[in-house]
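# Notes for the structure review
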There are 2 protein chains.
Amino acid sequence: MSKVVAVVGATGAVGREMLATLERRSFPIARLVALASPRSAGQRLPFAGGELVVEALGPGSFVGVDLALFSAGASVSREYGPIAAAAGALVVDNSSAWRMDPGCPLVVPEVNLEAARVRPRGIIANPNCSPIQMVVALKPLHDAARLKHIVVSTYQATSGKGHAAVEDLLQQTRASLAGQPVAPSVFPGEIAFNLLCDWTAGEDDYSEEEWKMVRETRKILGDDAIGVSPTTVRVPVVSAHSESIHAQFHRPMRADEAKALLRGAEGVVLMDEPYAPGNHPQPRQAAGTDPVYVGRLRDDLAVPGAINMWVVSDNLRKGAALHAVQLAERLLL
Amino acid sequence: MSKVVAVVGATGAVGREMLATLERRSFPIARLVALASPRSAGQRLPFAGGELVVEALGPGSFVGVDLALFSAGASVSREYGPIAAAAGALVVDNSSAWRMDPGCPLVVPEVNLEAARVRPRGIIANPNCSPIQMVVALKPLHDAARLKHIVVSTYQATSGKGHAAVEDLLQQTRASLAGQPVAPSVFPGEIAFNLLCDWTAGEDDYSEEEWKMVRETRKILGDDAIGVSPTTVRVPVVSAHSESIHAQFHRPMRADEAKALLRGAEGVVLMDEPYAPGNHPQPRQAAGTDPVYVGRLRDDLAVPGAINMWVVSDNLRKGAALHAVQLAERLLL
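Residues numbered from 1 in each chain as written. Chains lettered and ligands numbered in written order. Predicted model: local features only at pLDDT ≥ 70, side-chain atom pairs only at ≥ 80, totals over all residues. Heavy atoms only, no water.

### Observations concerning empty space enclosed by the protein
By the definition in use, this model includes three cavities of 30 Å³ or more. Volume-wise, the largest cavity comes out at about 40 Å³. Those elements that provide at least two residues to the lining of the largest cavity are β9 (147-155) and β13 (241-249) of chain A together with β9 (147-155) and β11 (227-231) of chain B. With three residues, β13(A) is the single largest residue contributor to the lining of the largest cavity. Its residues placed into classes, the lining of the largest cavity shows three nonpolar, seven polar and no charged. (1 Å grid on protein atoms, 1.4 Å probe; cavity = no way out; pocket = protein on both sides within 12 Å on 5 of 7 lines; lining within 4 Å. Points joined across faces, edges and corners; volume = space filled by probe spheres on them. Helix = DSSP H or I, 4+ residues; strand = E, 2+ residues; numbered from the N terminus. Nonpolar A, V, L, I, M, F, W, Y, C, P; charged D, E, K, R; others polar.)

What follows is the structure, encoded as structure tokens:
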């Protein structure tokens, strides 16, 4: 049955990707409401061969809405998420606002869909992009041998910070190539031909992004004993996050067993052919596609029974828009 | 006393940096011989306000030479290193040819200078750039608490593959920005706005670059029991390698103790101020400077007594040219 769908934050990077995903997956839509700040109201967005006119988000926006996909930042989600839920919509929230709330399930469809059935607040939280691709890759191994400790270093794309961040990368890169001074607009420093550690302070000198790797991984996998040692880094890539993961388990895991578990796992493309130039997951190849790519599976050289792996996925798709729409498909259709 | 110095591979990225380093550090030079392949003979290189004319490398190139700095690839070093040593030169070799040879010390001046005194083959091997910056940062901690296990993920700059690799990055980036097809020349795939895992196959699905992290770290620190779990990745950065390091010790280490040990450690600049935007080591700021920058020191969240850190250093300087010249200074002057 067709649904009335609202996309909150429709003009942002993830919002646009949500519209594209709804269209690409032929989500059955009775009416689509594109919502954004009053500043963006009246703007036109292409959809399904026609156009949507963006409406200003307000308390009355959710009357009759079956599904509300939020991607407009945490403060908007905190204010309007409960309003949409009270109006009867299924709320799938892509911000950080509700992720650690005990009354909101934090769901990755391939990993813990059953958690989405119980939602006291009517809101399902979409995890941050970096934990999503990590848990999709690790879940089959966790089921087999129970994760004990993860050391993860990220190589995160600029699009995780929105359209303007990608523009900042491109503009900085052009200036840099022309030998002109680089003037960062979104990033707090140079990102062209450079690396930046995430700058949002969390506790104990770990950034907020790093704490998300710890807390969201545990909540999604439902195991608070999993140790996570995260370092998150922003790289001059447009889209698709990459992660270098060292994983230890309660019983020994071998790279060969991990490959067997991941071959055909839902949402995963395993790249396990013999080692050859370029034959591994790469952000430019992953960008614009749906899967979580897993490669470079190796038995650890120091810890028997541990493995190392390289995981790449499009942060706007699997990390956000695709993920939200997949959830809605499984719960509403 | 002034020395006769030969630079083998003078026209390459590291060779040019060696010339610049000799000049910058006012190394006392009686005569400087710039050597390269016959193809490059006759080329002129700027040096100390004048010019050097490149000579073709040959068996007679080392007569009367006190110091021969090699950076022309492993096969040249294997052939000409022993010839230069037999002619009486101190040979400092920047290639991988002699690093794991039991008759050649593998030396980082700040770490194990004493090993350089015994050199049965007359050749001192310069480690690979990635292990150098890691051991400079870890040595004070190893001395205090003995390293047990390192998980390291690298973010390596293109200049580690030479001038042509940097040009490939820049040319690919220009094409990419112009919306034109990207045609890699040095890299086996796209490096502009992308990441590539190193493609030189080693054993057990680890790349040669990864094995260097394991074997060279152990040899330099003189401790074969140190476990190393490496993942090496090439990033679209011009110069300066970065490393995300998780380190475990035989006795517990705390981030505060590590900071105290690293503050003022030789060759290290500690960036340990409160966490703030951009206040951490970055490749663009490290490029063209000598130190190994260490920052983001954090107590591990999962393993008591372990720490995490972020280490950045110019791979052409500390990782190669500066390092070779520092060795020569300490042994010859």
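Resuming the write-up.
### A word on the relation of the copies chain A and chain B
Each copy superposes on the other: chain A lies on chain B with an RMSD of 0.0 Å after a rotation of 180° and an axial shift of 0.0 Å. Read as a symmetry element, the transformation amounts to a two-fold axis. (Least-squares fit on C-alpha atoms with pLDDT ≥ 70 in both.)

### Topic: the sheet that holds β9(A)
Residues and elements named next belong to chain A. Pairing in this open sheet of six strands is mixed, and the strands run β11-β9-β13-β16-β15-β14 from one edge to the other. Across the chains shown, the open sheet's two edge strands, defined by having one partner strand only, are β11 (227-231) and β14 (268-271). Across the sheet, the mean angle from the axis of one strand to that of its neighbour is 25°, orientation sign disregarded. The pairing of strand β15 (residues 292-299) with strand β16 (residues 307-313) spans six bridges and is classified as antiparallel. In the sheet register, Val 294 faces β16, and the bridge partner there is Val 311. (Pairing = 2+ DSSP bridges. Axes fitted to C-alpha atoms, helices over the stretch in contact; angles between N-to-C directions.)

### What to know about the interface of chain A and chain B
Across the boundary between the two partners, chain A contributes 63 residues, which contact 63 residues of chain B. Of the roughly 5,200 Å² buried at the junction of chain A and chain B (both faces included), carbon and sulfur atoms supply 60%. In this assembly, chain A and chain B are joined by six salt bridges. Along the lines of polarity and charge, the residues of the side of chain A that touches chain B split into 32 nonpolar, 19 polar and twelve charged. (Contact = heavy atoms within 4.5 Å. Buried area = accessible area lost by both parts, 1.4 Å probe. Salt bridge = Lys/Arg side-chain N within 4 Å of Asp/Glu carboxyl O.)

### Focus on the side chain of A:Ser130
Residues and elements named next belong to chain A. Counting through the fold element by element, Ser 130 comes out in helix α4 (residues 129-145). Accessibility expressed as a relative area gives 0% for Ser 130, which makes it buried. Engagement of the side chain of Ser 130 in a polar contact is seen with the side chain of Gln 156, the distance being 3.1 Å. Discounting chain neighbours no more than four positions away, the residues touching Ser 130 are Gln 156, Glu 209, Met 213, His 241 and Glu 243. (Buried < 20%, exposed > 50% of the residue type's maximum accessible area, 1.4 Å probe, protein only. Polar contact = N/O pair within 3.5 Å; in protein donor to acceptor, adjacent residues only side chain to side chain.)

### Quick word on helix α1 (residues 13-24) of chain B
Residues and elements named next belong to chain B. Relative to the 16 Å expected for twelve residues at 1.5 Å per residue, α1 spans 16 Å between its end C-alpha atoms, a close match to the ideal helical length. Ala 13, Val 14, Gly 15, Glu 17, Met 18, Leu 19, Thr 21 and Leu 22 are the residues of α1 that are buried. Positive backbone phi, at 50°, marks Ser 26, one or two positions downstream of α1. (Expected span 1.5 Å × (residues − 1).)

### Overview of the packing of aromatic side chains
Under the defined criterion, the tally for this structure stands at seven aromatic pairs over all chains. When the ring of A:Tyr155 is compared with that of A:Trp310, the centres are 5.0 Å apart and the planes differ by 80°; the resulting orientation is edge-to-face. Separated by 155 residues along the polypeptide, A:Tyr155 in strand β9 and A:Trp310 in strand β16 bring together distant segments of the chain. For A:Tyr155, a relative accessible area of 0% translates into the label buried. Judged by relative accessible area, which is 0%, A:Trp310 ranks as buried. With a centroid separation of 5.6 Å and an interplanar angle of 15°, the aromatic rings of B:Phe62 and B:Phe70 are classed as stacked. Like B:Phe62, the residue B:Phe70 is buried in the burial classification. Three or more aromatic residues joined by ring pairs form one cluster here, namely A:Tyr155, A:Trp310, B:Tyr155 and B:Trp310. (Phe/Tyr/Trp six-rings, centres within 6.5 Å; stacked < 30°, edge-to-face > 60°.)

### A look at the pairing of β13(A)
Residues and elements named next belong to chain A. When you tally the buried positions in β13, you get nine out of nine residues, the bulk of the element. Burial of β13 is two-sided: the residues His 241, Glu 243, Ile 245, Ala 247 and Phe 249 facing one way and the residues Ser 242, Ser 244, His 246 and Gln 248 facing the other way are all buried. Of the pairings in the sheet, the one linking β13 to β16 comprises seven bridges and is antiparallel in character. Across the sheet, Glu 243 pairs through a bridge with Val 311, a residue of β16.

### Description of the environment of B:Asp290
Residues and elements named next belong to chain B. Among the secondary structure elements, Asp 290 is positioned in the loop between α8 (283-286) and β15 (292-299). Judged by relative accessible area, Asp 290 falls into the partly exposed class, the value being 26%. Setting aside its immediate chain neighbours within four residues, Asp 290 contacts Arg 24, Arg 25, Ser 313, Arg 317, Lys 318 and Leu 322. There is a polar contact of 3.0 Å between the side chain of Asp 290 and the side chain of Arg 317.

### Focus on the sheet that holds strand β5 (residues 55-56) of chain B
All names here are of chain B. Pairing is parallel in the open sheet, where six strands are placed in the order β5-β2-β1-β6-β7-β8. Unpaired on one side and paired on the other, β5 and β8 (123-125) mark the two borders of the sheet. Of the pairings in the sheet, the one linking strand β7 (residues 90-93) to β8 comprises three bridges and is parallel in character. By the bridge assignment, Asp 93 is partnered in β8 with Ala 125.

### Notes on unusual backbone geometry
Despite not being glycine, A:Ser26 shows a phi value in the positive range, around 50°. As for its position among the elements, A:Ser26 is in the loop between α1 (13-24) and β2 (29-36). With a phi angle near 55°, B:Asp204 is a residue other than glycine that sits in the positive phi range. Assignment of secondary structure puts B:Asp204 in the loop between β10 (196-197) and α6 (208-221).

### With respect to the pattern of salt bridges
Two side chains with opposite charge may pair up if their charged atoms get near one another. Inspection of the entire model under this criterion finds 38 salt bridges over all chains. Linking A:Arg24 and A:Glu17 is a salt bridge whose minimum nitrogen-to-oxygen distance equals 3.8 Å. One salt bridge in this structure joins B:Glu266 and B:Arg330, with 2.5 Å as the shortest N-O distance. With a gap of 64 residues between them, B:Glu266 in the loop between α7 (255-262) and β14 (268-271) and B:Arg330 in helix α9 (residues 317-332) connect regions that are remote in the sequence. Residue classification places B:Glu266 among the partly exposed residues on the basis of a relative accessible area of 45%. You can call B:Arg330 partly exposed: its relative accessible area is 30%. Where salt bridges share partners, they join A:Glu17, A:Arg24, A:Asp290 and A:Arg317 into one cluster.

### Quick look at the pairing of β9(A)
Each regular strand displays side chains that alternate between the two surfaces of the sheet. Residues and elements named next belong to chain A. Among the nine residues that make up β9, eight are buried, leaving the element largely enclosed by the rest of the structure. Of the pairings in the sheet, the one linking β9 to β13 comprises eight bridges and is antiparallel in character. Bridge assignment links Ser 153 to a residue of β13, and that residue is Ser 244. Both β9 and β11 contribute to a ladder of five bridges, which runs parallel. Among the inter-strand pairings, Val 151 is bridged to a residue of β11, identified as Ser 229.

### Remarks on the layout of surface pockets
All names here are of chain A. By volume, the largest pocket amounts to about 900 Å³. Lining the largest pocket are 40 residues, with Ser 71, Ala 72, Gly 73, Asn 94 and Gly 160 sitting closest to its centre. Breaking the lining of the largest pocket down by element, the ones donating at least two residues are α1, α2 (74-86), α6 (208-221) and α9 (317-332). Among the residues making up the lining of the largest pocket, the classes are represented as 13 nonpolar, 20 polar and seven charged.

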